[in-house]
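So you can see what is in the structure, the chains are spelled out below.
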Amino acid sequence: MERETLVLLSTRELAKMREAGRFAANLLQRLAELVKPGVSTLELNDQAEQWTQAHGAKSAPLGYHGFPKSICTSVNEVVCHGIPNAKQVLKEGDIINIDVTPIVDGYYGDTSKTFYVGHPSARAKKLVEVTEECLTRAIAEVKPGARIGDIGAAIQEYAEGEGFSVVRDFVGHGVGRIFHTAPQVPHYGKRDTGMRLRPGMVFTIEPMINEGTWEVQVLKDKWTAVTKDRKLSAQFEHTVAVTEDGVEVLTLC
Ligand code: MF3
Ligand code: CO
Ligand code: CO
């Protein structure tokens, strides 16, 4: 956490976040078209960096607390923060989360999706589908007066009901002119607990759902988080704004 105080965005700032969010979504869509067997995660990174620069934006992850690349690429048992690498070549049946955060005119748009490389196993596809549905259900909880705990509860109830587990070590976060700020948004928890949502709050929801144990380990590179049992993990992320009457998803094309 770089900042603990809650920031409510003005109408003008929300318009900037809408631009950053749309940019992020478009970038992710472009990268999705490149996902296929034989492509390295470094190629995805380089395409992302090139497209981002060509459109006048910056890649937030590059140099962030020493992160060495422009996007995160998290394959199979990697939970999050996978580092793009020339030697890591996608193969038939993999799943890969691509997480992008461009900075557009000072505002951060943060979104990720998990993609299929060719045709993964039925079990892998089920995990990915459940994870996307977790995000959808979580977003449906967001409205003024709802509480942070409602978001995590919706995710945990559905994921665990489907026989999967929810990662504890990484949470959603406030985002705006700062990459990671208040509030923290856990993807597990209890209804009617936590901070009350108010119009102007902007944060991410980014559930990481595991096939086996929820426990993670960070590799020696200090970034790559993997499942402790090396079973699969999937993630989807949107940046959302609390509006007067509900929610607006900012990271849509
Ligand atoms: N985009 C990630 C998130 O959802 C953060 C990546 S930080 C990095 O919060 F340094 F690993 F890139
Ligand atoms: Co995020
Ligand atoms: Co992200």
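It should be emphasised that the depicted structure is a prediction, and the values quoted were computed from it without experimental measurement.

All right, on to the overall build of the protein then. When helices and strands are counted, the protein shows four helices and 17 strands. Taken over the C-alpha atoms alone, the protein extends approximately 45 × 45 × 30 Å along its principal axes. Each of the 253 residues in the protein was classed as buried or not, and the buried ones make up 55%. When contacts within the protein are restricted to residue pairs at least 6 apart in sequence, long-range pairs at least 24 apart make up 70% of them. Surface accessibility of the protein: about 11,000 Å² in total, with carbon and sulfur atoms responsible for 49%. The averaged location of the 33 negative side-chain charges in the protein is 2 Å from the averaged location of its 29 positive side-chain charges.

An order of E1-E5-E6 is seen for the three strands of this open sheet, with the pairing classed as antiparallel. Edge positions in the open sheet fall to strand E1 (58-59) and strand E6 (107-108), since each of these has one partner strand only. As paired strands, strand E5 (residues 102-104) and E6 are joined by two bridges and run antiparallel to one another. Counterpart to isoleucine 103 in the pairing with E6 is tyrosine 108.

With that settled, the discussion passes to the coordination of the cobalt ion (ligand 2). Donor atoms from the polypeptide that coordinate the cobalt ion (ligand 2) comprise Asp110 (OD), His173 (NE2), Glu206 (OE) and Glu237 (OE), at 2.0 to 2.2 Å from the metal. One way to put it: the six donor atoms around the cobalt ion (ligand 2) meet at angles of 52 to 160°, and that makes the site irregular. For the cobalt ion (ligand 2), all donor residues lie on one chain, and their spacing in sequence is D-x62-H-x32-E-x30-E. Taken as a pair, the cobalt ion (ligand 2) and the cobalt ion (ligand 3) lie 3.3 Å from each other and share aspartate 110 as a ligand. Placement of the pair is glutamate 206 in the loop between strand E11 (202-205) and strand E12 (208-210) and glutamate 237 in the loop between strand E15 (233-235) and strand E16 (238-242), with a sequence separation of 31 residues. Residue classification places glutamate 206 among the buried residues on the basis of a relative accessible area of 9%.

A word on the pairing of strand E2 (residues 72-75). What you see with E2 is no split at all: Cys72 and Ser74 on one side and Thr73 and Val75 on the other are buried throughout. In the sheet, E2 pairs with strand E4 (residues 95-100) via four bridges, with the strands oriented antiparallel. Bridging from a neighbouring strand, cysteine 72 pairs with aspartate 99 of E4.

For the rest of this paragraph, the subject is the site of ligand 1. Close contacts around ligand 1 come from 14 residues, with Asp99, His173, His180, Glu206 and Glu237 the closest. Aspartate 99 is positioned such that a nitrogen or oxygen atom in its side chain is 3.0 Å from a nitrogen atom of ligand 1. Here a nitrogen atom of ligand 1 and a side-chain polar atom of threonine 101 are 3.3 Å apart. Taking 340 Å² as the accessible area of ligand 1 by itself, protein coverage stands at 97%.

For the structure shown, the criterion picks out four aromatic pairs. Between the aromatic rings of phenylalanine 67 and tryptophan 223, the centroid separation amounts to 5.1 Å while the plane-to-plane angle is 90°, which identifies the pairing as edge-to-face. Taken together, the residues phenylalanine 67 in the loop between E1 and E2 and tryptophan 223 in the loop between strand E13 (216-218) and strand E14 (225-227) connect sequence positions 156 residues apart. The same class applies to phenylalanine 67 as to tryptophan 223, namely buried. Among the aromatic side chains, those forming a connected cluster through ring pairs are Tyr64, Tyr108 and Phe179. When the ring centre of tyrosine 188 is taken as origin, the NZ or CZ atom of arginine 168, which lies over that ring, is 5.0 Å away.

Now for the pairing of E11. Residue alternation in E11 divides its side chains into two sets, Val202 and Thr204 and Phe203 and Ile205, and both sets are buried. As judged from the four bridges shared by E11 and E16, these two strands associate in the antiparallel manner. Bridge assignment links threonine 204 to a residue of E16, and that residue is threonine 239.

Under the UniProt annotation, "binding site: substrate" (unreviewed entry) lies at His81 and His180. For this annotated set, covering 100 residues, all C-alpha atoms fall within 14.4 Å of each other, a compact arrangement in space. Considering the arrangement of structural elements, one finds histidine 81 in the loop between strand E3 (78-80) and E4. Excluding residues that lie within four positions of it along the chain, histidine 81 makes contacts with Phe67, Cys72, Ser74, Phe170, Trp223 and Thr224. Mapped onto the fold, histidine 180 is located in the loop between strand E9 (172-174) and strand E10 (181-185).

Rules used in this analysis
Residues numbered from 1 in each chain as written. Chains lettered and ligands numbered in written order. Predicted model: local features only at pLDDT ≥ 70, side-chain atom pairs only at ≥ 80, totals over all residues. Heavy atoms only, no water. Helix = DSSP H or I, 4+ residues; strand = E, 2+ residues; numbered from the N terminus. Buried < 20%, exposed > 50% of the residue type's maximum accessible area, 1.4 Å probe, protein only. Contact = heavy atoms within 4.5 Å. Areas by Shrake-Rupley, 256 points an atom, 1.4 Å probe, with all protein chains shown as cover. Lys, Arg positive; Asp, Glu negative; His and termini not counted. Charge placed at Lys NZ, Arg CZ, Asp CG, Glu CD. Pairing = 2+ DSSP bridges. Donors = N, O, S within 2.8 Å, 3.2 Å for Na, K, Ca; no water. Tetrahedral: all angles 85-135°; square planar, octahedral: opposite > 155°, others 65-115°. Near = heavy atom within 4 Å. Polar contact = N/O pair within 3.5 Å; in protein donor to acceptor, adjacent residues only side chain to side chain. Phe/Tyr/Trp six-rings, centres within 6.5 Å; stacked < 30°, edge-to-face > 60°. Lys NZ or Arg CZ within 6 Å of the ring centre and 35° of its normal. UniProt positions renumbered as here; feature names shortened; annotations may be inferred.

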